[in-house]
Amino acid sequence: MAKEALRVPTAELDLQERILRLHWPLLLVLCGIAGIGVMTLYSVPQGHWSPYAAQHLIRFLVCLVGLAVVAVIPLRFWLSASYPIYFGVLVLLLLVPFIGEMNNGARRWIDLGGFQLQPSEMMKVAVVMALARYYHGLEFKKVSTILGMIPPLAMVGVPVGLVFIQPDLGTSLLIGFSGLLVILLAGISWRVVTVGIFTALAGIVVAIQTGLLKEYQIERVTAFLNPDHDPLGANFHPNQSKIAIGSGGVEGKGLLEGTQSQLGFLPEKHTDFIFTIYGEEFGLIGTTILLGLYILAFLLTARIAGAARSHFGRLMSLGIGLTFVSYVLVNTGMVMGLAPVVGVPLPLVSYGGTVMLAMMGGFGLVMCTWVNRHQDTLRTQGWRR
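Note that this is a predicted model, so its numbers are computed, not measured.

1. Details of the overall build of the chain
Move 1: Secondary structure assignment for the chain yields 15 helices and three strands.
Move 2: The buried share of the chain, reckoned over its 385 residues, is 49%.
Move 3: Excluding contacts between residues fewer than 6 apart, the proportion of contacts in the chain whose partners are at least 24 apart in sequence is 74%.
Move 4: Just so you have it, the chain exposes about 17,800 Å², and 69% of that area is on carbon and sulfur atoms.

Structural data, given as C-alpha cells:
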C-alpha cells in the first residue's frame, strides 16, 4: 500500500501531500551548510551578528520558503517556463551595461530598491533549465548533429560573452561550464567533445594574445602558475590564504581565534575567502565536515535525478547539482592555491543575496523533480531514447 501511495499521480496530490513529498534529508543538509555560513559570518566582524550573519540567516530562511514554493509547483510549469526565464535573465544581462551599478571596477549588479541583483548568478540556473528544456524535446539522434548543436551552443555562448565583458571571468567560465555539462549529459558524441576541447584551448590562447583578457586577469593566472612570483603583489592574498588554512591544523584555532583573518591579512573575508576563515578556525575536522555536506548534497541530488522519469527533470537536476559542485571546487581550489583567484563565492556560506537566491531556487527545482519523480507524461512526441 505504501508503494502504491507513492505512485499516486502528482497532479492529484493536494498541497499538504506535496509538502510531505519534499526530500527532507537534502533540506537538512542545506540547512547544515547554511548554518556553518552563519557561524563563520558571525566570526568575520569579530563576533557580531551585524552586518553579515543576521542578514545571511534571514536571507536563507526567506529563500527556504521560496524553495518550498518552487518545489510544490507542478514540474510541467517549470518545463514551459524555462525559455521565458532564460530570456528574461538574458534581458537583464543586456541591461547591466546601461543601468548596472559599478563596484570594484566592474558593472555587474542592478539595484532593485535596495537589493543588489546580479543577473549573471541567476543565469547559471537559467541556462541549465533552458538546455534541459531543449534536449527534452529533441530526438536523441539529432543531439550530435550540427543543426542540433547550434541552439544550445548559442544559449551558452551569448550569456558567457555578456558576462565576460562586465568583466567577470570567473562567473562567465562557470556559466559556460554549467551549460557544457548539460550538453554532455544529453549524450553528445565524444568526437564532438574532443573537437570542442581543442577549440576552447585555442580560444584561450587567442584571448591572451589578442588582449581580450584584462591585465589583472592574466596576472592572476601567472601568479597561480608561479607561486613565487610577486609575493607582495599578485600572490600576496593566495599565500596568506594558504598560511591561514595550514595554521588551522587538525582541530583549528577556535571560533574568533583566527589570526590571519582577524588581523586583516585576507580580502573579501565574507565572500570569496570565507572558506579560509572557516579553515583557520575549525581546522581539518571542520573543513572535512563542510566538504562532506557538500558531497552529500550532490549525491542526494544525483539520486533525485536518477529517480526522475522525465528527461527534463533528470537533466535539470543533474545540471544544477554539477553547477553547485563547480562553485565549491573553484572556490576551495582558489583559496588553497589549486586554481587561479577568481570571484566565485562558496554556495550557502559566502555572504550574498543573489547567490543564495539562485542556489536555493535551483534546489527548489531539484525538489520539484523529486515531488514529481513518478511523472513521465512530460515527454514530448519528438523525444525518443
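After that view of the structure, there is still more to cover.
2. Points about the packing of helix α3 (residues 24-43) against helix α13 (residues 274-307)
Move 1: The interhelical angle for the contact between α3 and α13, taken along N-to-C directions, is 160°, at an axis separation of 9 Å. With respect to α13, the element α3 is oriented roughly antiparallel. By crossing handedness, the relation of α3 to α13 is classed as left-handed.
Move 2: For the contact of α3 with α13, the per-class residue count stands at 18 nonpolar, four polar and one charged.

3. Here we look at the packing of aromatic side chains
Move 1: The tally for this structure, following the rule as stated, stands at eight aromatic pairs.
Move 2: Aromatic side chains Tyr134 and Tyr135 sit 5.1 Å apart centroid to centroid with 75° between the ring planes, which places their arrangement in the edge-to-face category. Accessibility assignment for this pair places Tyr134 and Tyr135 in one class, buried.
Move 3: Counting every residue linked through ring pairs, the aromatic cluster contains Tyr294, Phe324 and Phe363.

4. A look at the pattern of salt bridges
Move 1: Enumeration over the complete set of coordinates arrives at five salt bridges.
Move 2: Taking the shortest distance from any N to any O, the salt bridge between Lys142 and Glu139 comes out at 3.6 Å.
Move 3: Classification of Lys142 by relative accessible area gives partly exposed; the value is 38%.
Move 4: Judged by its relative accessible area of 26%, Glu139 falls in the partly exposed class.
Move 5: Lys253 is the salt-bridge partner of Glu280, the closest N and O atoms lying 3.1 Å from each other. One end of the pair, Glu280, is in helix α13; the other, Lys253, is in the loop between α11 (236-247) and α12 (259-262), and 27 residues separate them in sequence.
Move 6: On the accessibility criterion, Glu280 (0% relative accessible area) is buried.
Move 7: Put simply, Glu139, Lys141 and Lys142 are held in one network by salt bridges that share partners.

5. Some points on the environment of Leu255
Move 1: Relative to the helices and strands, Leu255 is located in the loop between α11 and α12.
Move 2: Considered as a pair, Leu255 and Val44 are 211 residues apart in the sequence and their alpha carbons are 9.8 Å apart.
Move 3: Other than its neighbours up to four places away in sequence, Leu255 contacts Met39, Tyr42, Ser43, Glu281 and Phe282.

6. Examining a nonpolar patch on the surface
Move 1: Nonpolar side chains collect at one region of the surface, where Val91, Leu95, Phe98 and Ile99 lie side by side and expose about 400 Å² of accessible area between them.
Move 2: Following the sequence through the fold, Phe98 ends up in helix α5 (residues 75-99).
Move 3: Relative accessible area serves as the criterion here: at 70%, Phe98 is assigned to the exposed category.

7. A few points about the nonpolar core
Move 1: Formed by 90 residues in total, the largest nonpolar core has its most connected members in Leu26, Ile33, Met123 and Leu290.
Move 2: Ranked by residues supplied to this core, first place goes to helix α15 (residues 353-371) with twelve residues.
Move 3: Setting aside residues no more than four positions away along its own chain, Ile33 makes contact with Leu290, Leu293, Tyr294, Phe324, Pro347, Leu348 and Val349.

The rules behind these values
Residues numbered from 1 in each chain as written. Predicted model: local features only at pLDDT ≥ 70, side-chain atom pairs only at ≥ 80, totals over all residues. Heavy atoms only, no water. Helix = DSSP H or I, 4+ residues; strand = E, 2+ residues; numbered from the N terminus. Buried < 20%, exposed > 50% of the residue type's maximum accessible area, 1.4 Å probe, protein only. Contact = heavy atoms within 4.5 Å. Areas by Shrake-Rupley, 256 points an atom, 1.4 Å probe, with all protein chains shown as cover. Axes fitted to C-alpha atoms, helices over the stretch in contact; angles between N-to-C directions. Parallel < 35°, antiparallel > 145°, perpendicular 65-115°, else oblique. Left-handed = near helix turned anticlockwise from the far one by under 90°. Nonpolar A, V, L, I, M, F, W, Y, C, P; charged D, E, K, R; others polar. Phe/Tyr/Trp six-rings, centres within 6.5 Å; stacked < 30°, edge-to-face > 60°. Salt bridge = Lys/Arg side-chain N within 4 Å of Asp/Glu carboxyl O. Patch = residues over 30% accessible without salt bridge, like charges linked within 9 Å, V, L, I, M, F, W, Y side chains within 5 Å. Core = buried A, V, L, I, M, F, W, Y, C linked by side-chain atoms within 4.5 Å.

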